[in-house]
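Now for the letters of each chain:
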Amino acid sequence: MSMDVNNLDPVAVVVAPTPASASRGSLVWLVNFRLGLGLLILAIMGLGSFILPNFAPVDPSLQASYMRNLPVSGIHLLGTNALGQDIFWFLVFGIRNSLTLGILVAVGVTIIATLVGLSAGYIGGKFERIVMLFVDTFITMPLLPILIILGALIRGNTSFLTVGIIIVLFGWAWDARTVRSMALSLREREFINMARFSGANTMQILLREIFPYVSAYMVVGFINTVLFAINIEATLAVIGLSKVEVPTLGSIIFWALNYNALFTGQYVWLVAPIIATITLFLGLFLTSTGFNQAFASKRGVS
Amino acid sequence: MGLLSFIAKRIGLYFVVLFIGLTITFMLPRLMPINPVDGYIGQLQSRANGTLTSEAIAEMRVTLEQLYGLNGNVFVQYVSYLKRIVFSFDFGPSFTYYPQPVSAMIMNALPWTLGLLLTSTVIAWTLGNLVGLVAGYFHKKKAASILEFVGILLYPIPYYILAVSMLLLLAYIFPIFPLSATFPVGQMTPEKFGMIIYNSLLPGITLVLAGFGWNILSMKALTVATTEEPYVVYARLKGASNWTRMTRYVFRNALLPQVTALALSLGMVFNGALLTEMIFSYPGLGLVMRTAANGGDYNVLYGAITISIISVATAGLVIDLLYPLLDPRIRHK
């Protein structure tokens, strides 16, 4: 395996194919330990956070619904916070909102990155150089300071959706780079020429030859973007520059830090979102690497 | 010739990146529907309990627009903005701490950020790569998968979670470090220096842990791939020892993509450092930004973001210019 330094894709490097035992035929190849564990975590957290909110007694973002600072009990599974909100329900809604935002942003990023990356890779020439200059600038520019300015300017009259759109606008560059290097390598592949010489038209090549090859990377890239988006929104929320009234994985921590949960000893308020975030991120990461591994081993057999 | 054109290309890219970065910084606030001057006037108005006359407000608006470089059309503003930054490094006065110039505030904070960031990045990168090399070279052994597991556990955890967990663990449950850090000011004495190190340890550990996981994982993957290269097999058949093969054959070659990756991920690392500073109240750029964002002090914000773009781009340039020292292929092309 030779390393193309200029088109180095950290995602592909991190999850580089490790030879895994693969069985031929059926869908058994898809199952490996990492993927299984990752999907299990995602299934539990995803289903839980999308089904449970229908049974919530009150909207957890409303303040003073309950007595303040109640301990953990049968009624309040994780107790209540200093604002009189039920921590368990706030967390459930937070996971749901963070996941929704992550998925929406990932859809937007994937569309932009695919368009930019594919066009740069296939058209080439001057166009490619100019596009890649912008991509590289966006990659090397520190994103957080820009988001802090935007957050400071639009705080108060922003919606949760605007936060998502801003993340899309500044988050497409990594993926565009990956797609472009994929397009470059595919352009020269033998099997594409083979298909063309066998009389396949462009549509057939795109659907039968390129898509199966690219889809694995798209899934991995999609999951990584979900991770990225949740992370960025939570980061902005923790420093109070997102829509902190909306429960997300970050806004819980914002409120907990703001009400000095550590000094007042309400450690559940902080520990619960930390554990939830780590579990969710681990699930997403295991799914993405496991999926990549499965596809790598499949490509290895066929 | 190969080396010269490499350097020329890289420096050209550096200036283009700076130019695009500064242009975006300039355009962003002007594309926003909100005018900072209105915000300032609103603040002053409420402090004066609404006793300002409309003539006074109009006069104030003119002065403020002049102070913050907002007079003239967008193009004139843009040229004077670039001129001010490039030639005199002037970002105007701070609003909250008027008339203290923004550049002085930033220059006070920058050494803190750079000190913390450089130390922790170097430690995380070196340590992560060494662990990754060992885990990758002996990837068939059980112990190696434990090392990789550490990487998998650490890598996806975001900075803010690591920072809050560190606070919880090492300042609250095991009170080794103070919950809120204090940093002495004024003349430096050995005592104060010790205090600064002690108070910087917690944010430092957070940053090292955050960078550590990624370096283990990517170095491990690179090492596994390199170990299977024909020249490593040849070295083994030639009788080179395990140690020689690991250090001289595998490490040298696997290190190169890691250097490039470090240069590319600097922006990300910088983001993490800013966030860590905010959570630990560490007196660097991050804290300056947070205070400015909360107080609506836009000049300070623009100054801080401009400096961020310049420092990250410069660090990337330095790393890339060091690259030919590590990779003889570029020197001899």
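Quantities reported herein were computed from a predicted structural model and do not represent experimental measurements.

1. Observations regarding the overall build of chain A
Next up, step 1: When helices and strands are tallied, chain A shows 11 helices and zero strands.
Next up, step 2: Taking contacts inside chain A between residues at least 6 apart in sequence as the whole, the part at least 24 apart equals 72%.
Next up, step 3: For chain A, the computed accessible surface area is about 13,600 Å², with 68% contributed by carbon and sulfur atoms.

2. As for the overall build of chain B
Next up, step 1: Each helix and strand in chain B was counted, giving 13 helices and zero strands.
Next up, step 2: Overall, chain B shows an N-to-C arrangement of helices and strands of α-α-α-α-α-α-α-α-α-α-α-α-α.
Next up, step 3: With respect to the three principal axes, the spread of C-alpha positions in chain B is 90 × 55 × 40 Å.
Next up, step 4: In chain B, which comprises 333 residues, the proportion classed as buried is 50%.
Next up, step 5: Expressed as a percentage of contacts within chain B between residues at least 6 apart in sequence, the contacts between residues at least 24 apart total 71%.
Next up, step 6: Total accessible area on chain B is roughly 16,200 Å²; 70% of this is exposed by carbon and sulfur atoms.
Next up, step 7: Placing the 21 positive and 13 negative side-chain charges of chain B at their respective mean positions leaves the two points 18 Å apart.

3. Description of the pattern of salt bridges
Next up, step 1: This model, assessed by the stated rule, comprises five salt bridges over all chains.
Next up, step 2: Here K220(B) makes a salt bridge to E148(B), at a shortest N to O gap of 3.4 Å. Of this pair, K220(B) sits in helix α8 (residues 190–227) while E148(B) sits in helix α6 (residues 142–154), and the two are 72 residues apart along the sequence.
Next up, step 3: Connected through shared salt-bridge partners, R34(A), E148(B) and K220(B) make up one network.

4. Remarks on α6(B)
Next up, step 1: Look at α6(B): 19 Å from first C-alpha to last across 13 residues, which is about the 18 Å you get at 1.5 Å a residue.
Next up, step 2: All of the buried residues in α6(B) are A144(B), E148(B), G151(B), I152(B) and L154(B).

5. Side note on the packing of helix α5 (residues 102–137) of chain B against helix α10 (residues 242–280) of chain B
Two numbers describe a pair of packed helices, the interaxial angle and the distance between the axes.
Residue and element names in this part refer to chain B.
Next up, step 1: The geometry of α5 relative to α10 is characterised by a closest axis approach of 8 Å and an angle of 145 degrees between their N-to-C directions. Between α5 and α10 lies a crossing whose hand is right-handed.
Next up, step 2: Class assignment of the residues belonging to the contact of α5 with α10 gives a composition of 15 nonpolar, five polar and two charged.

6. What to know about the interface of chain B and chain A
How big an interface is tends to be stated in terms of the accessible area lost upon association of its parts.
Next up, step 1: Counting from both sides, the interface comprises 57 residues of chain B and, opposite them, 57 residues of chain A.
Next up, step 2: With both chains or domains summed, chain B and chain A bury close to 5,300 Å², and 82% of this area falls on carbon and sulfur atoms.
Next up, step 3: E148(B) is paired through a salt bridge with R34(A); the nearest N and O atoms lie 3.1 Å apart.
Next up, step 4: Our count for the contact surface shared by chain B and chain A stands at three residue pairs in polar contact (both at pLDDT 80 or more).
Next up, step 5: Within the residue set of the side of chain B that touches chain A, elements represented by two or more residues are α1 (2–31), α6, α7 (159–173), α8, α10, α11 (285–295) and α12 (298–326) of chain B.
Next up, step 6: Broken down by class, the residue content of the side of chain B that touches chain A amounts to 45 nonpolar, eight polar and four charged.

7. Re a nonpolar patch on the surface
Next up, step 1: Taken together, the side chains of M188(B), F193(B), I197(B), Y198(B) and L201(B) define a hydrophobic patch exposed on the protein surface, amounting to about 480 Å² of accessible area.
Next up, step 2: In this structure, I197(B) sits in helix α8.

8. A look at the domain arrangement of chain B
Next up, step 1: Domain annotation for chain B reports domain 1 (36–76) and domain 2 (109–284).
Next up, step 2: On a C-alpha basis, the centroid separation for the pair domain 1 of chain B and domain 2 of chain B is 47 Å.

9. As for the side chain of S308(B)
Residues and elements named next belong to chain B.
Next up, step 1: Looking at the element boundaries, S308 is found in helix α12.
Next up, step 2: Since its relative accessible area comes to 0%, S308 is described here as buried.
Next up, step 3: In this structure the side chain of S308 is engaged in a polar contact, spanning 2.6 Å, whose partner is the backbone oxygen of A304.

10. Remarks on unusual backbone geometry
Next up, step 1: One non-glycine residue, N260(A), lies in the positive phi region at around 50 degrees.
Next up, step 2: The phi dihedral of S281(B) is positive, around 50 degrees, even though this residue is not glycine.
Next up, step 3: You can see S281(B) is positioned in the loop between α10 and α11.
Next up, step 4: The class of S281(B) is partly exposed, set by a relative accessible area of 36%.

11. Let's talk about the environment of M67(A)
All names here are of chain A.
Next up, step 1: Tracing the sequence through the fold places M67 in the loop between α2 (33–51) and α3 (87–123).
Next up, step 2: Judged by relative accessible area, M67 falls into the exposed class, the value being 61%.
Next up, step 3: When the C-alpha positions of M67 and T80 are compared, they lie 7.4 Å apart, and in sequence the two are 13 residues distant.

12. Concerning the side chain of E277(B)
Residue and element names in this part refer to chain B.
Next up, step 1: In this fold, E277 is placed in helix α10.
Next up, step 2: For the buried E277, which has no salt bridge, the nearest side chain bearing the opposite charge is R290, at an N-O separation of 11 Å.
Next up, step 3: Those residues in contact with E277, other than ones at most four positions away along the chain, are T113, L116, Y282, G284, L285, G286 and L287.

13. As for the nonpolar core
Next up, step 1: In terms of nonpolar packing, the biggest core is built from 154 residues, with I148(A), Y160(B) and L301(B) touching the most fellow members.
Next up, step 2: It is α10(B) that provides the largest number of residues to this core, a total of 15 residues.
Next up, step 3: Looking at which domains feed residues into this core, each of domain 1 (36–76) and domain 2 (109–284) of chain B gives three or more.
Next up, step 4: Ignoring sequence-local partners within four residues, the contact set of L301(B) consists of I148(A), I149(A), A152(A), M289(B), A292(B) and A293(B).

Calculation notes
Residues numbered from 1 in each chain as written. Chains lettered and ligands numbered in written order. Predicted model: local features only at pLDDT ≥ 70, side-chain atom pairs only at ≥ 80, totals over all residues. Heavy atoms only, no water. Helix = DSSP H or I, 4+ residues; strand = E, 2+ residues; numbered from the N terminus. Contact = heavy atoms within 4.5 Å. Areas by Shrake-Rupley, 256 points an atom, 1.4 Å probe, with all protein chains shown as cover. Buried < 20%, exposed > 50% of the residue type's maximum accessible area, 1.4 Å probe, protein only. Lys, Arg positive; Asp, Glu negative; His and termini not counted. Charge placed at Lys NZ, Arg CZ, Asp CG, Glu CD. Salt bridge = Lys/Arg side-chain N within 4 Å of Asp/Glu carboxyl O. Expected span 1.5 Å × (residues − 1). Axes fitted to C-alpha atoms, helices over the stretch in contact; angles between N-to-C directions. Left-handed = near helix turned anticlockwise from the far one by under 90°. Nonpolar A, V, L, I, M, F, W, Y, C, P; charged D, E, K, R; others polar. Buried area = accessible area lost by both parts, 1.4 Å probe. Polar contact = N/O pair within 3.5 Å; in protein donor to acceptor, adjacent residues only side chain to side chain. Patch = residues over 30% accessible without salt bridge, like charges linked within 9 Å, V, L, I, M, F, W, Y side chains within 5 Å. Domains from an automatic or database assignment. Core = buried A, V, L, I, M, F, W, Y, C linked by side-chain atoms within 4.5 Å.

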